[in-house]
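Coordinate analysis (summary)
Residues per chain, in single letters:
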Amino acid sequence: MKHYILMCDVLNSREKNQKNLIEDFRNCTTYINNKYKKNILSPLTITLGDEFQGVIKNLSNSIKIIVELEEFIIKNNFPMKLRYFLYFVEIETEINSNIAYEMLGNGLTDSRRIINNMKEKDSRFYIDTKEESKNSILNNGFNIFQNIVDKWKIEKDYEIIYSLIEFKDYKIVSEKLNKNRSLVWKRERNLNISSYTSAKEILLVISNI
């Protein structure tokens, strides 16, 4: 039976503080597994120190999880970037609802090969739903999404970035952070928050069609 399997690894993980990296990465998977428990068939499971895989119920929740992981990293100011591979594959063995191990199928073998090939490219997102038109929209959407997010200096601006994403109004953010309203408005424009929001909404809508 075919299912959506989400694989992910940390970019340039060998350059990071390994202890902090593992802790941050584990916090990411724990957060998603708890919040999306009803929408995950097999939980996000760290297979190596800097990789995880899991089986998600459907495309919509898969895209939500990817976007939420990106925002969780910003919210917590984790110094890492993730690379995602979402693949609609045949899993020939029974789904393990406790841990994403010991599941077999040709699709899983292909998934591992493709995510390894991704390491030679700049893109952090690859979606394969087996529907060509939907793949095109989602992958182009994530290309726009990445071009915005990867220009953000998270370590410096994480608080204002996440606040603008969460509250969607620079006036509210200026009050929450006790910052000058004009300054927050300028930061919102310079950070392309409106474009980020548009890309995010397109991804979420397409994944529901």
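Each chain has its residues counted from 1, running along the sequence as written. For a predicted model such as this one, the threshold for reporting local features is a pLDDT of at least 70, and the threshold for listing and counting side-chain atom pairs is 80 or more; totals across whole chains, interfaces and linings nevertheless cover every residue. Water and hydrogen atoms were dropped before computing side-chain values, which therefore reflect all heavy atoms in the structure.

Tracing the chain through its elements places Arg 124 in the loop between α3 (106-118) and β5 (125-128). Polar side-chain contacts of Arg 124 include one of 2.7 Å to the backbone oxygen of Leu 82. Here Asp 150 takes part through its side chain, which lies 3.0 Å from a polar atom of the side chain of Arg 124. Helix numbering and strand numbering both begin at the N terminus, where a helix is a DSSP run of H or I of at least 4 residues and a strand a DSSP run of E of at least 2. We define a polar contact as two N or O atoms separated by no more than 3.5 Å, with the added condition that, inside protein, one atom must be a possible hydrogen donor and the other a possible acceptor, whereas residues neighbouring each other in sequence contribute only through side-chain atom pairs.

A separate point is the confidence of the model for the protein. How sure the predictor is of each residue is captured by pLDDT, a score from 0 to 100. Per-chain confidence: the protein averages 90 in pLDDT, with 89% of residues scoring 70 or above. No element of the protein has a lower mean pLDDT than α3, at 63, and none a higher one than helix α2 (residues 59-75), at 98.

For helix α7 (residues 181-190), the N-terminal cap is Asn 180; the gap from its side-chain oxygen to the backbone nitrogen of Ser 182 is 2.9 Å. The first or second residue beyond α7 is Asn 192, which carries a positive phi of 55 degrees.

Moving on, we get to the sheet that holds strand β4 (residues 82-90). Pairing between strands is defined by DSSP: at least two bridges between them are needed. Across the sheet, five strands lie side by side as β2-β3-β1-β4-β5; this open sheet has mixed pairing. The open sheet terminates on both sides in strands that have one partner only, identified here as β2 (40-48) and β5. For this sheet the average axis-to-axis angle between neighbouring strands, irrespective of direction, equals 15 degrees. Of the pairings in the sheet, the one linking strand β1 (residues 2-10) to β4 comprises nine bridges and is antiparallel in character. Structural elements are reduced to axes, namely lines fitted to C-alpha atoms, with helices fitted over the stretch in contact, and the angle between N-to-C directions of any two is expressed from 0 to 180 degrees.

Tracing the backbone shows Leu 204 in helix α8 (residues 193-206). Burial status follows relative accessibility: with a 1.4 Å probe on protein chains alone, a residue under 20% of its type maximum counts as buried, one over 50% as exposed, and anything between as partly exposed. Taking relative accessible area as the criterion, Leu 204 reaches 23% and is therefore assigned partly exposed. Taking the C-alpha atoms as reference points, Leu 204 and Leu 59, 145 residues apart in sequence, are found 9.5 Å from one another. Two residues qualify as a contact provided that any one of their heavy atoms is within 4.5 Å of a heavy atom in the partner residue. In contact with Leu 204, other than residues within four places in its own chain, are Ile 63 and Lys 64.

By the criterion of burial, β4 is predominantly enclosed, with seven of the nine residues buried. One ladder, built from four bridges, connects β4 with β5; its direction is parallel. What sits directly across from Tyr 87, in β5, is Asp 128.

Quick look at empty space enclosed by the protein now. Think of a 1 Å grid over the protein atoms and nothing else: a 1.4 Å probe that fits but is trapped marks a cavity, an open set flanked by protein within 12 Å on at least five of seven lines marks a pocket, and residues with an atom within 4 Å of a point count as lining. Grid points are joined across faces, edges and corners, and a volume is the space filled by probe spheres set on the points. Per the stated rule, a full pass over the model turns up one cavity of 30 Å³ or more. Here the largest cavity defines a volume of roughly 40 Å³. What lines the largest cavity is Glu 70, Ile 73, Ile 74, Met 80, Lys 81, Val 149 and Ile 154. Looking at which element gives the most residues to the lining of the largest cavity, the answer is α2, with three residues.

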